[in-house]
Amino acid sequence: MEIIDGNQIAASVTADLKAEVARFTGRRPCITLIRVGEDPASVSYVRKKEKTAAEIGLESRLILLPVTITQPELCTLVDQLNTDDGVDGILVQSPLPKPLSEVAVFRRIAAHKDVDGFHTLNLGKLAQEDDTGFVACTPAGIIEMLQRSGVTLSGKHIVVLGRSLIVGKPAALLAMQRKPWANATVTICHSQTANLPALTRQADILIAAIGKPEFVTADMVKPGAVVIDVGVNRVPDSSRKTGYRLTGDVHFASVAPLCAKISPVPGGVGPMTVAMLMKNTVKAYRQNHGLA
Ligand code: NAP
């Protein structure tokens, strides 16, 4: 069994980006991060994104907004950033506090600056296999992680647990593309799927993205499978200073010994997501400068 080291693979992605950015003349690629409120997880995610951007040599601008901001005010800000030639990518950190509508804000971001890949146009381009679009960072990170770990997708049966628009669905769309690095056969499962373990046991590659701590147990996994754990769940743990521990959607201790390869939580998909956000920002810059 081999543990897929997401931190190490993400570091190699960011090193590649750093070398590429160093060759750009003129201004540096710029990502603008918008955070509304003080949700502790959002504070930590945005900080990590700023830090990674700085390591690569990207410019990052942080806009902090109070929870009292209204939907029209937030949309006006996004409109201004959409027309700012100095900004290549815009990221609005989710979750947004209620009653703000995430979907409305994500759609407001100009598609060519939508480095999170949530805009309808970019999802459409993914479905059409049009590589000019931006793919959501977590599914893009999963596929990059598999490729850089030497896992062949072509001809494999991939079972994706979860059908969300930010993970499950785009991961499935990517894996089934008519491309030499993809060409997988994909089954998507969700909360209404019957006989789930019978399906997951058929997976050569199992991608778990449901948000249920340690849901995938050994009896659900085929021996020799590759397992990618996307889940990030906080489980109460009084022995920790934080009062919780992070766990994935896979019961790591029982599943790992069965697998050919498995990604852990933390240290798996999470760092890849941040790396792919940076990759999308550099891509946006290249497209804005006619370098793509
Ligand atoms: P989501 O929008 O809540 O979607 C969860 C999906 O799982 C839904 O499609 C749901 O089915 C399905 N599901 C729920 N319970 C199930 C069950 N018992 N059996 C089978 N399917 C079930 O979640 P998400 O945004 O995709 O995120 C999933 C997990 O990944 C979360 O833990 C999240 O924190 C994590 N995540 C991690 C990263 C990262 O960078 N590492 C990024 C994004 C998300 P229905 O459609 O039928 O409701």
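Position labels on residues start from 1 in each chain and follow its written sequence. Selection of residues for local features in this predicted model requires a pLDDT of at least 70, selection of side-chain atom pairs for listing and counting requires 80 or more, and totals for whole chains, interfaces and linings are taken over all residues. As a rule here, side-chain values cover all heavy atoms of the structure and leave hydrogens and water aside.

Engineer: Which residues make up the site of the ligand, and what values go with them?
Structural biologist: Surveying the vicinity of the ligand reveals 20 residues, the closest of which are Arg163, Ser164, Ser191, Val232 and Thr273. The contact in question runs from an oxygen atom of the ligand to an N or O atom on the side chain of Arg163, over 2.7 Å. A 3.5 Å cut-off defines polar contacts: any pair of N or O atoms within that distance qualifies, except that in protein one atom must be a possible hydrogen donor and the other a possible acceptor, and neighbouring residues in sequence count only when both atoms are side-chain atoms. In the environment of the ligand, an oxygen atom lies 2.5 Å from a nitrogen or oxygen atom belonging to the side chain of Ser191. In the complex, the protein chains occlude 70% of the 930 Å² of accessible area that the ligand would expose alone. Working definition: residue near molecule or strand if any one of its non-hydrogen atoms lies within 4 Å of it. Each accessible area is a Shrake-Rupley result for a 1.4 Å probe, and residues are judged covered by the shown protein chains and nothing else.

Engineer: Give a description of the side chain of Asn280 that names residues and reports values.
Structural biologist: Helix and strand assignments come from DSSP, with helices taken as H or I runs of at least 4 residues and strands as E runs of at least 2, each series counted from the N terminus. The residue Asn280 is located in helix H10 (residues 269-288) in this model. Each residue is placed in one exposure class: buried if its accessible area under a 1.4 Å probe, protein chains only, is under 20% of its type's maximum, exposed if it is over 50%, and partly exposed if it falls in between. For Asn280, a relative accessible area of 9% translates into the label buried. Among the polar contacts listed, one links the side chain of Asn280 to the backbone oxygen of Val115, at a separation of 2.8 Å.

Engineer: Outline a nonpolar patch on the surface, listing residues and values.
Structural biologist: A residue counts toward a patch only above 30% relative accessible area and without a salt bridge, and it is joined to like-charged neighbours within 9 Å or, for Val, Leu, Ile, Met, Phe, Trp and Tyr, to nonpolar neighbours within 5 Å. Salt bridges are defined by distance alone: a side-chain nitrogen of Lys or Arg within 4 Å of a carboxyl oxygen of Asp or Glu. Residues Met1, Ile3 and Phe252 make up a contiguous nonpolar surface patch of roughly 280 Å² in combined accessible area. Tracing the chain through its elements places Ile3 in strand S1 (residues 2-3).

Engineer: Hey, could you go over the sheet that holds strand S7 (residues 205-208) for me, with residue numbers and the actual values?
Structural biologist: Strand pairing follows a simple DSSP-based rule, namely that at least 2 bridges must link the two strands. Spatially, 6 strands are ordered S1-S11-S8-S7-S5-S6 in an open sheet, and the strand pairing comes out parallel. The outermost strands of the open sheet, each flanked by one partner alone, are S1 and strand S6 (185-189). Across 2 bridges, the pairing between S1 and strand S11 (residues 261-262) is parallel. When the sheet's bridge partners are listed, Ile3 is paired in S11 with Ile262.

Engineer: Account for helix H6 (residues 137-148), with residues named and values stated.
Structural biologist: Structurally, the α-helix is built with 3.6 residues per turn, so residues lying three or four positions apart point the same way. Across its 12 residues, H6 extends 16 Å between first and last C-alpha, which sits within 8% of the 16 Å expected from 1.5 Å per residue. The element H6 is largely enclosed, with a buried count of 10 among its 12 residues. For H6, the set of buried residues is Cys137, Thr138, Pro139, Ala140, Gly141, Ile142, Ile143, Glu144, Met145 and Leu146. Every residue pair with non-hydrogen atoms within 4.5 Å of one another is taken to be in contact. Looking at the buried positions of H6, the neighbouring elements they touch are helix H1 (6-23), helix H7 (168-175), S7, strand S8 (226-229) and H10. Working rule for helices: expected span equals 1.5 Å times residues minus one.

Engineer: Residue-level account of the pattern of salt bridges, with values.
Structural biologist: Enumeration according to the criterion identifies 16 salt bridges in this entry. Glu55 is the salt-bridge partner of Lys51, the closest N and O atoms lying 3.4 Å from each other. One end of the pair, Lys51, and the other, Glu55, are both in helix H2 (residues 40-56), 4 residues apart, so they sit about a helical turn from each other. The salt bridge partner of Asp131 is Lys179, with a shortest N-O separation of 3.1 Å.

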